[in-house]
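Read off the chains here:
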Amino acid sequence: MTVRVATQEDSAVIYRLLCDFATSYQPERAIFDHRTFPRVLKAAADGAAELLVAELNGTVVGYVLAARLPTLFAGGTVLDILELTVDAAHRGHGMGSLLVHAVITRAEQADDVEVTVPTRRAAGFYSRLGFTETATYLKYAPGRAAVHR
Ligand SMILES: CC(C)(COP(=O)(O)OP(=O)(O)OC[C@H]1O[C@@H](n2cnc3c(N)ncnc32)[C@H](O)[C@@H]1OP(=O)(O)O)[C@@H](O)C(=O)NCCC(=O)NCCS
């Protein structure tokens with residue numbers, strides 16, 4: 001098992017993993033290919049994001065995407081894990097933990113103050129890795145959300 005930085009060549013397998021991961025949004029291949037994936041690769045190249053893949057015998061079986069956010073309150077950058085998924089057939093063998101440890105290592109190297117993660121489905125998984133609960137995460141989707149008064 002190894003973790004490495006993702007490249008353009010990983011786009012097809014990352015898209016497949018994303019389709020299994022996404023619950024709130026339905027991924028669209030054209031938007032992924034022409035807008036979101038190139039933008040994420042550029043952010044990663046600029047140090048504004050981390051996009052890492054986990055490989056087993058040369059096959060990519062998971063990925064993690066984290067965004068590096070400048071803050072005032074923390075006195076530095078915060079690395080926020082936005083997407084983490086491991087192929088269902090390969091779960092339970094340490095791949096997810098390996099990806100999170102790789103993110104933590106990248107955070108240490110970049111002098112990030114915190115690694116954070118909003119999650120509904122996997123709080124227990126992150127607790128085991130030393131994460132503690134800190135805030136309620138709310139979201140508003142411009143152009144999509146109905147306004148309730
Ligand atoms: C969460 C996920 C990435 C973990 O990947 P994985 O490769 O199975 O992780 P590991 O093998 O390192 O698991 C470590 C431990 O965490 C546990 N665990 C896995 N998912 C968990 C969850 N959702 N809640 C609580 N514990 C969990 C495992 O049972 C395992 O425990 P064990 O060592 O006692 O067997 C994977 O289950 C997944 O892709 N889930 C769907 C997407 C998702 O929920 N992503 C996280 C939201 S950001």
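Quick note: structure is the one above.
Figured I'd write up the structure that's included with this text.

Calculation criteria
- Residues numbered from 1 in each chain as written.
- Predicted model: local features only at pLDDT ≥ 70, side-chain atom pairs only at ≥ 80, totals over all residues.
- Heavy atoms only, no water.
- Helix = DSSP H or I, 4+ residues; strand = E, 2+ residues; numbered from the N terminus.
- Rg over C-alpha atoms; globule rule 2.2 N^0.38 Å.
- Buried < 20%, exposed > 50% of the residue type's maximum accessible area, 1.4 Å probe, protein only.
- Contact = heavy atoms within 4.5 Å.
- Areas by Shrake-Rupley, 256 points an atom, 1.4 Å probe, with all protein chains shown as cover.
- Lys, Arg positive; Asp, Glu negative; His and termini not counted.
- Charge placed at Lys NZ, Arg CZ, Asp CG, Glu CD.
- Expected span 1.5 Å × (residues − 1).
- Arc of directions from axis to C-beta.

## Some remarks on the overall build of the protein
Phase 1 of the analysis: Summing up its helical and strand segments, the protein has four helices and five strands in all.
Phase 2 of the analysis: In the protein, the order of α-helices and β-strands from amino to carboxyl end is β-α-α-β-β-β-α-β-α.
Phase 3 of the analysis: At 16 Å, the protein has a C-alpha radius of gyration in line with the 15 Å of a compact globule built from 149 residues.
Phase 4 of the analysis: For the protein, the spread of C-alpha atoms along the three principal axes comes to 50 × 35 × 30 Å.
Phase 5 of the analysis: Taken over 149 residues, the protein has a buried fraction of 33%.
Phase 6 of the analysis: In the protein, once contacts between residues fewer than 6 apart in sequence are set aside, the share between residues at least 24 apart is 58%.
Phase 7 of the analysis: Looking at the protein as shown, the accessible area adds up to about 9,600 Å², and 54% of this sits on carbon and sulfur atoms.
Phase 8 of the analysis: The averaged location of the 16 negative side-chain charges in the protein is 7 Å from the averaged location of its 15 positive side-chain charges.

## Digging into the side chain of Glu 55
Phase 1 of the analysis: Inspection of the secondary structure puts Glu 55 in strand β2 (residues 49–56).
Phase 2 of the analysis: If sequence neighbours within four positions are ignored, Glu 55 has contacts with Met 1, Thr 2, Arg 4, Val 60 and Met 95.

## Some remarks on helix α3 (residues 95–110)
Phase 1 of the analysis: Helix length check: α3 (16 residues) gives 23 Å between terminal C-alpha atoms against 22 Å at 1.5 Å per residue, within 8%.
Phase 2 of the analysis: Taken residue by residue, α3 has Met 95, Gly 96, Leu 99, Val 100, Ala 102, Val 103 and Ala 107 as its buried positions. The arc enclosing the buried residues of α3, seen along the axis, measures out at 155 degrees, which places them on a common side. Exposed residues lying more than 90 degrees from the buried face of α3 are Glu 108 and Gln 109.

Just distances and angles here, no functional claims.
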